[in-house]
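Observations on the three-dimensional arrangement
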Amino acid sequence: PEHLHPMQLAFRRAHALQCGFCTPGMVVAGIAIAQRHGPDPQVDIIRHELDGNLCRCTGYQNIVEAIRIGARDMHAQAGITE
């Protein structure tokens, strides 16, 4: 766990993992969202940008929360404040 990316850790902390099939795409999308929209991306932006990443196990709420947490943690780790 000490070598996981902040977004991966956020997915684990937010219980955003189910079967794992969609997880790699969701994590990569989350990293891109955080890079484009900063440490506090809005829920509607996250949901819009996840369009096309399908998850059949969840209602996406925990995935969205994980991306919000991951974005904050990524920017905090990099020392970026906005």
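Look a little higher up for the structure.
Let me sum up the structure you'll find in this document. Residue positions are counted from 1 within each chain, in the order its sequence is given. Local features are withheld for residues below a pLDDT of 70 in this predicted model, meaning they are given only at 70 or higher, and side-chain atom pairs are given and counted only at 80 or more; totals for whole chains, interfaces and linings count all residues. Hydrogen atoms and water are omitted, and side-chain values are computed over all heavy atoms in the structure.

So, about the packing of helix α1 (residues 6-13) against helix α2 (residues 23-37). In contact at an axis separation of 9 Å, α1 and α2 are set at 120° when each is read in the N-to-C sense. As judged from the angle between their axes, α1 and α2 are oblique. Between α1 and α2 lies a crossing whose hand is right-handed. Residues M7, Q8 and F11 of α1 form the contact with α2, whose participating residues are M26, V27, G30, I31 and A34. Looking at the contact of α1 with α2 residue by residue, the class counts come to 6 nonpolar, 2 polar and no charged. With axes taken as lines fitted to C-alpha atoms, and helix axes fitted only over the stretch in contact, angles between N-to-C directions fall between 0 and 180 degrees. Secondary structure is summarised from DSSP: a helix means a run of H or I of at least four residues, a strand means a run of E of at least two, and numbering begins at the N terminus for each. For this classification, under 35 degrees means roughly parallel, over 145 means roughly antiparallel, 65 to 115 means roughly perpendicular, and everything else is oblique. Throughout, a crossing is termed right-handed when the near helix is turned clockwise from the far one, and left-handed when it is turned anticlockwise from it by less than a right angle. Pairs of residues are marked as contacts when any of their non-hydrogen atoms sit within 4.5 Å. Following the grouping adopted for this structure description, the nonpolar residues are Ala, Val, Leu, Ile, Met, Phe, Trp, Tyr, Cys and Pro, the charged ones are Asp, Glu, Lys and Arg, and the polar ones are all others, Gly among them.

On to the environment of A16. You can see A16 is positioned in the loop between α1 and α2. A sequence separation of 48 residues divides A16 from V64, and the C-alpha atoms of the two residues are 8.3 Å apart. With residues near it in sequence (within four places) discarded, A16 still touches F11, N62, I63 and A66.

A pairing counts as a salt bridge when a side-chain nitrogen of Lys or Arg comes within 4 Å of a carboxyl oxygen of Asp or Glu. Applying the stated rule across the entire model yields 4 salt bridges. D40 is the salt-bridge partner of R68, the closest N and O atoms lying 2.7 Å from each other. Placement of the pair is R68 in helix α4 (residues 61-78) and D40 in the loop between α2 and α3 (43-49), with a sequence separation of 28 residues. A relative accessible area of 28% means that R68 is categorised as partly exposed. For D73, the salt bridge identified is with R72, shortest N-O distance 3.2 Å. Salt bridges sharing partners connect three or more residues here, namely R13, R72 and D73. Only protein chains enter the accessibility calculation, which uses a 1.4 Å probe; a residue whose area is less than 20% of its type maximum is buried, one above 50% is exposed, and one in between is partly exposed.

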